[in-house]
Amino acid sequence: MLSRSSFTSLVVGVFALYVAHTCWVMYGIVYTRPCPAAADGAAAGCVWPYLARRPKLQLSVYTTTRSSIGAESNIDLVLNVEDFDIESKFERTVNVSVPKKTRNNGTLYAFVFLHHAGILPWHDGKQVHIVSPLTTYMVPKPEEINLLTGESATQQIEAEKQTNALDEPVSHWRSRLTLNVMVEDFVFDGSSLPADVHRYMKMVQLGKTVHYLPILFIDQLSNRVKDLMVINRSTTELPLTVSYDKISLGKLRFWIHMQDAVYSLQQFGFSEKDADEVKGIFVDTNLYFLALTFFVAAFHLLFDFLAFKNDISFWKKKRSMIGMSTKAVLWRCFSTVVIFLFLLDEQTSLLVLIPAGVGAVIELWKVKKALKMTIRWQGLRPKFQFGAYNDSEKKTEEYDAQAMKYLSYLLYPLCIGGACYSLLNVKYKSWYSWLINSFVNGVYAFGFLFMLPQLFVNYKMKSVAHLPWKAFTYKAFNTFIDDIFAFIITMPTSHRLACFRDDVVFLVYLYQRWLYPVDKSRVNEYGESYEEKLKKKSS
């Protein structure tokens, strides 16, 4: 079997290979090899850009309820940009007529044409077009009310909203349409066209050379949940903001891969809201900062794994609770479970929810170890048995109870007062939502106070040797990484503030580590000392 150190080295090695492979893949996406014959002026095997001929272009946007059109009928022109300049960005807001079919939970499509100026799109053999739905289906957000008065956040709720079941998806309007054209005069190698760009390319033969028409692209990552609007049956017109900007070949290929990744997440069961959290990382972040985020996220996963591994290893061998605050373990378990239920109620991104769920399971297992609990089954009924504490452990429990006594004078009134205030002044979806929010606000606002009993026990015993410092170290790294993610991933504000609160607690632990150095000659609960272990290894 592998030793713990070799297993950790194996994990770090696999992680380093993963990072190197990711860098190589990203380089392959951003860099495209040009046609070698183009440097010699030869046309054989090369695909040349049609935009290099500098044609006069026109941009037209039509809407229709059909996913394909073959004629001019049954379509509405909503935007027409004559003398379209591919180098100049713009943003225009137009009103779009909503057909009856779309108002009855139907779909409306946008057809974007890029064609020669003065010629209708369907009469232009060198036009390019792309199709995008302007509607999507989502479950409406539940109405929030004041639980005491029953007063709604909106005084008048439309009758049709009342009849719709909350779990029934309804048609939502995408209020933004973001267009891009690849403007680089790049000459492709016809024998090795990138597969990601190839599906957006349309070729034409001009004389002896092959040209690709302008590459038109719709940025689906810019379609965010916050911009969606519910389509009511009484709605006849809705606003649509059409924006355009040029795009480079490298960014275009990167964006295509990211859109495919988001689409794959939805195919694997991720909801529209979960996919929206991933979109926010790409759209709302600078590309250089985004690259840094990828590396930070990779290290976060590594430290998460190592912290879980060392924490489980520490508690698996733990036979005594000397120097360990049982109240702190219980509180950590309670707070982790409450935070997980809160994030679940808020429909937070799975990027945040899954690690919180794994942490809650581990904390429940720690409580079983701390209370020396054994479970015996009598048929289908479980029977719980608790082990006894020795004198040293009872001394630790006295310090623990003393710290909790002082905390209770401050903590309980603050939590109860905060819950009553939110009940009177804040609107919630249900009583369960209020209860979970009250608990989690207490955890986030005053939860760090429940870490103080362990600090108090450390102070009384003048020792920190009983703490799992390897796991603490990895968690400390992750805490500072969480500070970066707090500005990137969408999460509740209270959860974001809690990330910075944990920094202070870890700094206090580090101060105690410096203040109470470990005596390496002292015998631990297994009857061994650090110096004896070194002698055994050397022999």
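Residues numbered from 1 in each chain as written. Predicted model: local features only at pLDDT ≥ 70, side-chain atom pairs only at ≥ 80, totals over all residues. Heavy atoms only, no water.

(A) View of the UniProt feature "transmembrane region" (unreviewed entry) in the protein chain. In the UniProt entry, the feature "transmembrane region" (unreviewed entry) is given for residues 287-308, 329-344, 350-367, 406-424 and 430-452. The annotated region residues 329-344 carries 100% helix and 0% strand content, and the separation between its end C-alpha atoms amounts to 23 Å. Between the C-alpha atoms that bound residues 406-424 there is a distance of 29 Å. The span itself is 100% helix and 0% strand. (UniProt positions renumbered as here; feature names shortened; annotations may be inferred. Helix = DSSP H or I, 4+ residues; strand = E, 2+ residues; numbered from the N terminus.)

(B) Focus on the pattern of salt bridges. Using the criterion set out here, one finds eight salt bridges in the structure. One salt bridge connects E91 with R176, and the closest N-O pair in it is separated by 3.3 Å. Taken together, the residues span a long stretch of sequence, with E91 in strand β4 (residues 90-97) and R176 in strand β9 (residues 176-182) at a distance of 85 residues. On the basis of relative accessibility, which here comes to 53%, the residue E91 falls in the exposed class. On the basis of relative accessible area, R176 is assigned to the partly exposed category, the value being 25%. When the shortest N-O distance is used, the salt bridge between D196 and R253 registers 3.1 Å. Of the two residues, D196 sits in helix α4 (residues 195-198) while R253 sits in helix α5 (residues 249-267), which places them 57 residues apart along the sequence. Taken as a pair, D196 and R253 share a single burial class, namely buried. (Salt bridge = Lys/Arg side-chain N within 4 Å of Asp/Glu carboxyl O. Buried < 20%, exposed > 50% of the residue type's maximum accessible area, 1.4 Å probe, protein only.)

(C) Examining the state of the cysteines more closely. Following the criterion strictly, the structure yields one disulfide and no others. Paired through a disulfide, C35 and C46 show a sulfur-sulfur distance of 2.0 Å. Between C35 and C46, the S-S torsion sits near -70 degrees, and that sign places the bridge as left-handed. Placement of the pair is C35 in the loop between α1 (4-30) and β1 (46-49) and C46 in strand β1, with a sequence separation of eleven residues. We note that C35, like C46, is buried. (Disulfide = S-S within 2.5 Å.)

(D) Examining the side chain of T235 more closely. With respect to the helices and strands, T235 occurs in the loop between β14 (228-230) and β15 (237-247). With a relative accessible area of 14%, T235 lands in the buried category.

(E) Structural context of the pairing of β1. Sheet analysis places β1 next to strand β10 (residues 188-189), joined by two bridges and oriented antiparallel. Its bridge partner being in β10, C46 is matched across the sheet by D189. With three bridges connecting them, β1 and strand β12 (residues 209-212) associate as parallel partners. Paired with P49 across the strands is Y212, a residue of β12. (Pairing = 2+ DSSP bridges.)

(F) Quick look at the nonpolar core. Core analysis: the biggest nonpolar cluster contains 35 residues, and F84, V112 and L177 have the highest contact counts within it. In this structure L177 touches V61, A110, V112, S132, I218, L240, T241, V242 and S243, once residues within four positions along its chain are discounted. Among the nonpolar cores identified, the runner-up in size contains 24 residues, and F186, Y212, L221 and L249 belong to it. (Core = buried A, V, L, I, M, F, W, Y, C linked by side-chain atoms within 4.5 Å. Contact = heavy atoms within 4.5 Å.)

(G) Summary view of the sheet that holds strand β6 (residues 128-133). If you walk across this open sheet you meet the four strands as β3-β2-β5-β6, and the pairing is antiparallel. Unpaired on one side and paired on the other, β3 (76-84) and β6 mark the two borders of the sheet. Strand-to-strand twist in this sheet, taken as the mean axis angle between neighbours without regard to direction, amounts to 15 degrees. Of the pairings in the sheet, the one linking strand β2 (residues 57-64) to strand β5 (residues 109-116) comprises eight bridges and is antiparallel in character. Residue T64 lies in a different strand from β5, and its bridge partner there is Y109. (Axes fitted to C-alpha atoms, helices over the stretch in contact; angles between N-to-C directions.)

(H) How the structure looks around the environment of Q402. With respect to the secondary-structure elements, Q402 resides in helix α10 (residues 391-425). With 54 residues separating them along the chain, Q402 and F456 place their C-alpha atoms 9.0 Å apart. When near neighbours in sequence (up to four residues on either side) are disregarded, Q402 contacts F456 and K460.

(I) Broad picture of the packing of aromatic side chains. Tallying each qualifying case throughout the model produces 13 aromatic pairs. On the numbers, 5.2 Å between centres and 75 degrees between planes, the contact of F188 with Y212 is edge-to-face. Of this pair, F188 sits in strand β10 while Y212 is found in strand β12, placing the two residues 24 residues apart along the sequence. Y212 matches F188 in its accessibility class, with the two residues each being buried. Each ring, one from F254 and one from W255, has its centre 5.8 Å from the other, and the planes form 45 degrees; the classification is tilted. This pair shows no difference in class: F254 is buried, exactly as W255 is. The cationic tip of K251 hangs over the ring face of W255; the distance from NZ or CZ to the ring centre is 5.3 Å. (Phe/Tyr/Trp six-rings, centres within 6.5 Å; stacked < 30°, edge-to-face > 60°. Lys NZ or Arg CZ within 6 Å of the ring centre and 35° of its normal.)

(J) The arrangement of the pairing of strand β8 (residues 170-174) in detail. By the criterion of burial, β8 is predominantly enclosed, with five of the five residues buried. Inspection of the sheet shows strand β7 (residues 135-138) paired to β8 by four bridges, in the antiparallel sense. Counterpart to T136 in the pairing with β8 is H172. The pairing of β8 with β14 spans three bridges and is classified as antiparallel. The residue of β14 that forms the bridge with H172 is V230.

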